[in-house]
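Listed below, chain by chain, are the residues.
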Amino acid sequence: MAQARKTFQERAESILILCMLLGIALIAFTPLQYFEFIQLGLVILVASTFLQIAVGNIPRDIPFKKGIVRIAILLSIIAIVFVIGILLVPVLSQLGR
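Definitions and cut-offs
Residues numbered from 1 in each chain as written. Predicted model: local features only at pLDDT ≥ 70, side-chain atom pairs only at ≥ 80, totals over all residues. Heavy atoms only, no water. Phe/Tyr/Trp six-rings, centres within 6.5 Å; stacked < 30°, edge-to-face > 60°. Helix = DSSP H or I, 4+ residues; strand = E, 2+ residues; numbered from the N terminus. Core = buried A, V, L, I, M, F, W, Y, C linked by side-chain atoms within 4.5 Å. Buried < 20%, exposed > 50% of the residue type's maximum accessible area, 1.4 Å probe, protein only. Contact = heavy atoms within 4.5 Å.

Looking at this structure, I do not really get the packing of aromatic side chains. What am I missing?
Where two aromatic rings form a pair, the distance of their centres and the angle of their planes describe that pair. Counted according to the given criterion, the structure contains three aromatic pairs. Geometrically, the ring pair formed by phenylalanine 8 and phenylalanine 64 is edge-to-face, given 4.8 Å between the ring centres and 90° between the ring planes. With phenylalanine 8 in helix α1 (residues 8–29) and phenylalanine 64 in helix α3 (residues 64–95), this residue pair connects regions lying 56 residues apart in the sequence.

Below is the structure:
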C-alpha cells in the first residue's frame, strides 16, 4: 500500500514543532554558566513560534511557491505590527506624563 506524501505545510509544521521542543529544552536544561545557549534557545523558540503561526494560516492544498509567498507576507505583516508598536512606545509614554 502506497503512503500518501505529506504536504509542505505538514512537513513544515512537524519541523517547527521539533524546533520549539529544542528551544524549550535549551532554555530548561542549560546551566546558567552557558547563558548564550539559553539565549539561543529563546531565539529558536520565538522564531519557530512566528513561523508556526504563518504556516498554520495557509491552506493545505496550496502549491509550494504560493505557500512560501503567503508565509513571507504573513511574516512581514507581523514585523510591521512590531515595528509600529516599537515606534509608538515613546509617543504613548509621553502622553501619560
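Additional details are given in the paragraphs that follow.
Before we go on, may I ask you to explain the nonpolar core in this structure?
The nonpolar side chains of soluble globular proteins are, as a tendency, buried together. Judged by nonpolar contacts, Phe8, Ala12, Leu16, Ala54, Val55, Ile58 and Ile71 together constitute the single largest core of seven residues. Looking at this core, the elements with two or more residues in it are α1 and α2 (35–56). Per element, the largest residue contribution to this core is three residues, and it comes from α1. When sequence neighbours within four positions are dropped, the list of residues in contact with leucine 16 reads Ser48, Leu51, Gln52 and Val55.

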